[in-house]
Amino acid sequence: MAETAGLDLVEISPNASPPVCKILDYGKYRYEAQKKAHEARKKQKVIQIKEIKLRPTIDKHDLDIKIRNILGFLEEGDKVRITLRFRGREMDHQDLGYKVLERVQETLKDHCKIESAVRSEGKQIAMTVGPK
């Protein structure tokens with residue numbers, strides 16, 4: 001039947017019992033499938049991890065600006081990794097760094113979910129937040 005119509009016999013689902021086949025133009029079928037896959041890829045949102053770096057001696061206003069940037073990233077649907085780096089003798093006063101990240105956490109608690117809590121990683125402490 002396919003040969004008389006000048007079309008191709010295409011097996012749609014080979015695992016079904018009995019296998020499902022259609023008579024159609026195979027080139028057009030491939031083109032439509034490729035177009036559908038392209039549209040699906042175009043609509044996908046790739047979630048990126050943005051990073052904001054802080055210091056334990058950051059000033060209040062500077063921290064507010066960093067928090068505003070974090071909120072902007074979260075609105076776009078990205079995850080944000082917040083790292084606070086210590087240098088030299090600052091390692092002796094890690095409590096200052098934890099207080100800064102606690103303040104950030106308190107400010108952001110309504111706007112995001114905390115994906116990984118504050119944890120120490122060598123000379124820095126980090127946390128990851130994501131959009132709600």
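Rules behind the numbers
- Residues numbered from 1 in each chain as written.
- Predicted model: local features only at pLDDT ≥ 70, side-chain atom pairs only at ≥ 80, totals over all residues.
- Heavy atoms only, no water.
- Helix = DSSP H or I, 4+ residues; strand = E, 2+ residues; numbered from the N terminus.
- Rg over C-alpha atoms; globule rule 2.2 N^0.38 Å.
- Buried < 20%, exposed > 50% of the residue type's maximum accessible area, 1.4 Å probe, protein only.
- Contact = heavy atoms within 4.5 Å.
- Pairing = 2+ DSSP bridges.
- Axes fitted to C-alpha atoms, helices over the stretch in contact; angles between N-to-C directions.
- Salt bridge = Lys/Arg side-chain N within 4 Å of Asp/Glu carboxyl O.
- Patch = residues over 30% accessible without salt bridge, like charges linked within 9 Å, V, L, I, M, F, W, Y side chains within 5 Å.
- Areas by Shrake-Rupley, 256 points an atom, 1.4 Å probe, with all protein chains shown as cover.
- Lys, Arg positive; Asp, Glu negative; His and termini not counted.
- Charge placed at Lys NZ, Arg CZ, Asp CG, Glu CD.
- pLDDT = per-residue confidence, 0-100.

If you tally the helices and strands in the protein chain, you get 4 helices and 6 strands. When its helices and strands are written in sequence order, the protein chain yields α-β-β-α-β-α-β-α-β-β. The C-alpha radius of gyration of the protein chain comes to 27 Å, more than 25% above the 14 Å expected for a compact globule of 132 residues. Along the first, second and third principal axes, the C-alpha atoms of the protein chain reach 85 × 25 × 25 Å. Taking all 132 residues of the protein chain together, 23% fall into the buried category. Taking the contacts inside the protein chain whose residues are at least 6 apart along the sequence as the reference set, 54% of them involve residues at least 24 apart.

Okay, the sheet that holds strand β5 (residues 112-121) next. Strand order in the open sheet formed by 4 strands is β3-β4-β6-β5, with mixed pairing between adjacent strands. Edge positions in the open sheet fall to β3 (49-54) and β5, since each of these has one partner strand only. Averaged over all neighbouring strand pairs, the angle between strand axes comes to 15°, with direction disregarded. Here β3 runs beside strand β4 (residues 79-85); their pairing, made up of 6 bridges, is parallel. If you follow Lys 50 over to β4, its bridge partner there is Val 80. On the sheet, helix α3 (residues 60-75) packs against β3, β4, β5 and β6 (124-131) and is oriented at approximately 175° with respect to β3.

Using the criterion set out here, one finds 8 salt bridges in the structure. Two residues, Asp 64 and Lys 60, come together in a salt bridge whose shortest N-O distance is 3.6 Å. Taken together, the residues Asp 64 and Lys 60, both in helix α3 and 4 residues apart, mark about one turn of the helix. Judged by relative accessible area, Asp 64 falls into the partly exposed class, the value being 29%.

What follows covers a positive patch on the surface. On the surface, Lys 53, Arg 85, Arg 87 and Lys 123 cluster together into a positively charged patch. Mapped onto the elements of the fold, Lys 53 is located in strand β3.

This brings us to the environment of Leu 24. Tracing the backbone through its elements, the reader meets Leu 24 in strand β2 (residues 20-24). Among the residues examined, Leu 24 registers a relative accessible area of 18% and is labelled buried. Measuring from C-alpha to C-alpha, the distance between Leu 24 and Leu 54 comes to 61 Å, with 30 residues separating the pair along the chain. Leaving out residues up to four positions away in the same chain, Leu 24 has contacts with Leu 7, Asp 8, Val 10 and Tyr 29.

Turning our attention to the confidence of the model for the protein chain. Looking at the protein chain, pLDDT values average 91 and 100% of them are 70 or higher. Ranking the helices and strands of the protein chain by mean pLDDT puts β4 first, with 95, and helix α1 (residues 2-5) last, with 86.

Turning next to the side chain of Ser 116. Take Ser 116: it is sitting in strand β5. Once residues lying within four places of it in the same chain are set aside, the contact partners of Ser 116 are Met 127 and Thr 128.

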